[in-house]
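# Summary of the model geometry
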Amino acid sequence: AREQHIRRSKATSNICTNQGLLVTAATIHMALLGAEGLARVAAACRANTRTLSAMLCEIPGVEPLFDRPVFHEQALRLPSPTADVLRSLAADDILGGYDLGLDYPGLDPGLLICATEMRSETEMEDYAKELSRIIATRT
């Protein structure tokens, strides 16, 4: 209401409303989960990311970027340009991760992956198979 006189495309503070909605949704979700539920979700996210990372690191040329403990995200080095790999994965409806080279050029070709509690073993296997196929065709 405070910006009704401004066209939506020119508004500058709608982000505040969007952030408020995201915070509200996250708060409700955490309240419904409770402490034990939140711990279960975190453990499932960590386990899935470890599983996915292990699957991907079986692909020749894919390896962890860092030898440090991780929680629910893993940085991997790829043998092919990350942007190309992500485009190919997206063509198969796979959200492959984040290209670390966009913000950290020294980490290129780096890929940040995670697998939340919502990912199944089959989905992670499909991701690994598709990534393996993409890398094999590029090397």
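Residues numbered from 1 in each chain as written. Predicted model: local features only at pLDDT ≥ 70, side-chain atom pairs only at ≥ 80, totals over all residues. Heavy atoms only, no water.

## Some details on the overall build of the protein chain
Broken down by element type, the protein chain carries 3 helices and 4 strands. Counting from the amino terminus, helix and strand elements in the protein chain follow one another as α-β-β-α-β-β-α. Residues classed as buried in the protein chain amount to 30% of the 139 residues present. At a minimum sequence separation of 6, the contacts of the protein chain that also span at least 24 residues come to 60%. Of the accessible surface of the protein chain, which amounts to about 9,400 Å², a share of 57% is contributed by carbon and sulfur atoms. (Helix = DSSP H or I, 4+ residues; strand = E, 2+ residues; numbered from the N terminus. Buried < 20%, exposed > 50% of the residue type's maximum accessible area, 1.4 Å probe, protein only. Contact = heavy atoms within 4.5 Å. Areas by Shrake-Rupley, 256 points an atom, 1.4 Å probe, with all protein chains shown as cover.)

## Concerning the sheet that holds strand β4 (residues 110–113)
Strand order in the open sheet formed by 4 strands is β1-β2-β4-β3, and the pairing between neighbours is antiparallel. The open sheet has two edge strands, β1 (63–64) and β3 (98–99), and neither has a second partner. Where β3 and β4 come together, 2 bridges link them in antiparallel fashion. In the sheet register, Tyr98 faces β4, and the bridge partner there is Leu112. (Pairing = 2+ DSSP bridges.)

## As for the nonpolar core
Formed by 20 residues in total, the largest nonpolar core has its most connected members in Leu52, Leu56, Val62, Leu89, Ile113, Tyr127 and Leu131. Secondary structure elements with two or more residues in this core: α1 (14–57), α2 (82–91), β4 and α3 (121–138). Ranked by residues supplied to this core, first place goes to α3 with 6 residues. Setting aside its immediate chain neighbours within four residues, Leu52 contacts Ile113, Cys114, Ala115, Met124 and Tyr127. (Core = buried A, V, L, I, M, F, W, Y, C linked by side-chain atoms within 4.5 Å.)

## What to know about the packing of α2 against α3
Taken N-terminus to C-terminus, the directions of α2 and α3 make an angle of 130 degrees; their axes are 10 Å apart at the nearest point. Relative to α3, the element α2 is oriented oblique. Considering how the two elements wind past one another, α2 and α3 form a crossing that is right-handed. From α2, Asp84, Val85, Ser88 and Leu89 reach across to α3, where they touch Tyr127, Glu130, Leu131, Ile134 and Arg138. By residue class, the composition of the contact of α2 with α3 is 5 nonpolar, 1 polar and 3 charged. (Axes fitted to C-alpha atoms, helices over the stretch in contact; angles between N-to-C directions. Parallel < 35°, antiparallel > 145°, perpendicular 65-115°, else oblique. Left-handed = near helix turned anticlockwise from the far one by under 90°. Nonpolar A, V, L, I, M, F, W, Y, C, P; charged D, E, K, R; others polar.)

## Some points on the pairing of strand β2 (residues 74–77)
Remark: a regular strand shows side chains that alternate across the two faces of the sheet. Judged from the 2 bridges that link them, β1 and β2 form a sheet pairing that is antiparallel. When the sheet's bridge partners are listed, Pro64 is paired in β2 with Leu76. Where β2 meets β4, 4 bridges bridge the pair, whose relative direction is antiparallel. Opposite Leu76, over in β4, you have Leu111 as the bridge partner.

## Here's the deal with the pattern of salt bridges
One side chain can pair with another of opposite charge once the charged atoms of both are near each other. Under the criterion given, the structure shown has 5 salt bridges. Taking the shortest distance from any N to any O, the salt bridge between Glu63 and Arg77 comes out at 3.9 Å. Remark: Arg77 occurs in strand β2 and Glu63 occurs in strand β1; sequence separation between them is 14 residues. Taking the relative accessible area as the measure of exposure, Arg77 reaches 30% and is therefore partly exposed. Between Glu130 and Arg133 there is a salt bridge, with its nearest N and O atoms 2.3 Å apart. Of this pair, Glu130 and Arg133 both sit in helix α3, 3 residues apart, roughly one helical turn. Accessibility expressed as a relative area gives 15% for Glu130, which makes it buried. For Arg133, a relative accessible area of 43% gives the class partly exposed. Among the ionic contacts, a cluster of salt bridges with common partners joins Asp92, Glu130 and Arg133. (Salt bridge = Lys/Arg side-chain N within 4 Å of Asp/Glu carboxyl O.)

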